[in-house]
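Overview (structure and organization)
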Amino acid sequence: MEVPLDLVAVMGVLNVTPDSFSDGGLWLDPGAAVAHGRAMVSEGAAIVDVGGQSTRPGAQPVAEDEELRRVIPVISALAREIKVPISIDTRTANVARAALDAGASIVNDTAGEDSEPGMAALVAGSGAAVVAMHSRGSPETMVSLTIYSDVVKDVAAFLLERADRLEAIGVHHDAIALDPGFGFAKTGDQNLELLARFDELTGFGFPVLAGTSRKSFIGRVLNTETGQRLEGTLATIVWAVAKGARIVRVHDVQQAVRAVRMTEAIENAVPREDRL
């Protein structure tokens, strides 16, 4: 399938985990998770991203069978009830395979440099779309892996190499999206630099995802706790969209959809040929 991008796509976050940094425990019950997924679609989510393992810095790994137990019932139910694509947020090829069998159609591979060798082959063989994200190490080690010669150029080089490898193994060009991985093996200042120079990531022929929602670098700038980062998140989304983001991954779907549509309206007020 192709990544759905008629407009900038708002991807709603559905964490079925007890320990995610922002909403851990809220949607651990499958019934509550499915209801929240439906609600996000009603608010305008173009993709629902289901994850069963926290990837926040310092998070402990989850056994594969436990990750499957968390995500598969939710994906199976949502696939019967919603019309938008479902993505599986995972580091593990076996979980991705089971999720695709259950009704997901996008693999959001958050392993970055440690992506499992079987993940690319799985995506190519299944016809799924894939989000290739930049990261280093595991959630337990990523905070110590933040040395770059130039964070934007290094991230861009990795993402382009990853996209080339995916295409070489048979993944269709239009089924690949790239994610610079805000918060993954990045310092607060590096996250801000990635955002400031976001347009350097968007000219390579692949849609780029901005996953800034409620991240700690926003809290650091605004001196706010996780639940008080909506305005900061919306500012990062508007900036990213103005600089070429085609997907934004968010917890607060309705507010993000409104901010994105308004940004698009401003951009479209000037004919494309008249823009500098």
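The structure we're discussing is the one just above.
Residues numbered from 1 in each chain as written. Predicted model: local features only at pLDDT ≥ 70, side-chain atom pairs only at ≥ 80, totals over all residues. Heavy atoms only, no water.

Turning our attention to the overall build of the protein chain. Along its length, the protein chain carries 9 helices and 8 strands. Against the 2.2 N^0.38 benchmark of 19 Å for 276 residues, the protein chain shows a C-alpha radius of gyration of 17 Å, consistent with a compact globule. Projected onto the principal axes, the alpha-carbon positions of the protein chain cover approximately 50 × 35 × 35 Å. Expressed as a percentage of the 276 residues in the protein chain, the buried residues total 53%. Here the contacts in the protein chain between residues at least 6 apart in sequence split such that 69% fall between residues at least 24 apart. Summed over its atoms, the accessible surface of the protein chain is roughly 11,700 Å², and 53% of this surface lies on carbon and sulfur atoms. (Helix = DSSP H or I, 4+ residues; strand = E, 2+ residues; numbered from the N terminus. Rg over C-alpha atoms; globule rule 2.2 N^0.38 Å. Buried < 20%, exposed > 50% of the residue type's maximum accessible area, 1.4 Å probe, protein only. Contact = heavy atoms within 4.5 Å. Areas by Shrake-Rupley, 256 points an atom, 1.4 Å probe, with all protein chains shown as cover.)

So, on to the packing of aromatic side chains. The full count for this structure, using the stated rule, is 2 aromatic pairs. Here phenylalanine 182 and phenylalanine 198 contribute two aromatic rings whose centre-to-centre distance is 6.3 Å and whose plane-to-plane angle is 10°, an arrangement assigned as stacked. Placement of phenylalanine 182 in the loop between β6 (176–179) and α6 (188–196) and of phenylalanine 198 in the loop between α6 and β7 (209–210) is noted, with a sequence separation of 16 residues between them. Like phenylalanine 198, phenylalanine 182 is buried. Aromatic pair phenylalanine 182 and phenylalanine 217: ring centres 6.1 Å apart, planes at 25°, arrangement stacked. Taken as a pair, phenylalanine 182 in the loop between β6 and α6 and phenylalanine 217 in helix α7 (residues 216–222) lie far apart in primary sequence, 35 residues in all. For phenylalanine 182, a relative accessible area of 1% corresponds to the buried category. Note on phenylalanine 217: relative accessible area 2%, which makes it buried. Through a chain of ring-to-ring contacts, the aromatic side chains of Phe182, Phe198 and Phe217 assemble into a single cluster. (Phe/Tyr/Trp six-rings, centres within 6.5 Å; stacked < 30°, edge-to-face > 60°.)

Moving on, we get to the packing of helix α2 (residues 64–81) against helix α3 (residues 93–102). Contact geometry of α2 with α3 gives a least axis separation of 9 Å together with a crossing angle of 20°. Classified by the interaxial angle, the pair formed by α2 and α3 is roughly parallel. When the axes of α2 and α3 are compared, the crossing they make is right-handed. Residues Glu64, Glu67, Leu68, Val71, Ile72, Ile75, Ser76 and Ala79 of α2 lie in contact with α3, whose contacting residues are Asn94, Val95, Ala98, Ala99 and Ala102. Looking at the contact of α2 with α3 residue by residue, the classes come out as 9 nonpolar, 2 polar and 2 charged. (Axes fitted to C-alpha atoms, helices over the stretch in contact; angles between N-to-C directions. Parallel < 35°, antiparallel > 145°, perpendicular 65-115°, else oblique. Left-handed = near helix turned anticlockwise from the far one by under 90°. Nonpolar A, V, L, I, M, F, W, Y, C, P; charged D, E, K, R; others polar.)

Another point: the sheet that holds strand β5 (residues 129–133). Spatially, β6-β5-β4-β3-β2-β1-β8-β7 is the arrangement adopted by the 8 strands of the open sheet, whose pairing is parallel. Each of the sheet's edge strands pairs with one partner strand only, and the pair in question is β6 and β7. Two strands pair when backbone bridges link them, and strand β4 (residues 106–109) and β5 are joined in this way by 4 bridges, in the parallel orientation. Within the sheet, the bridge partner assigned to valine 107 lies in β5 and is valine 130. (Pairing = 2+ DSSP bridges.)

Spatial relationships are all this shows, so hold off on functional conclusions.
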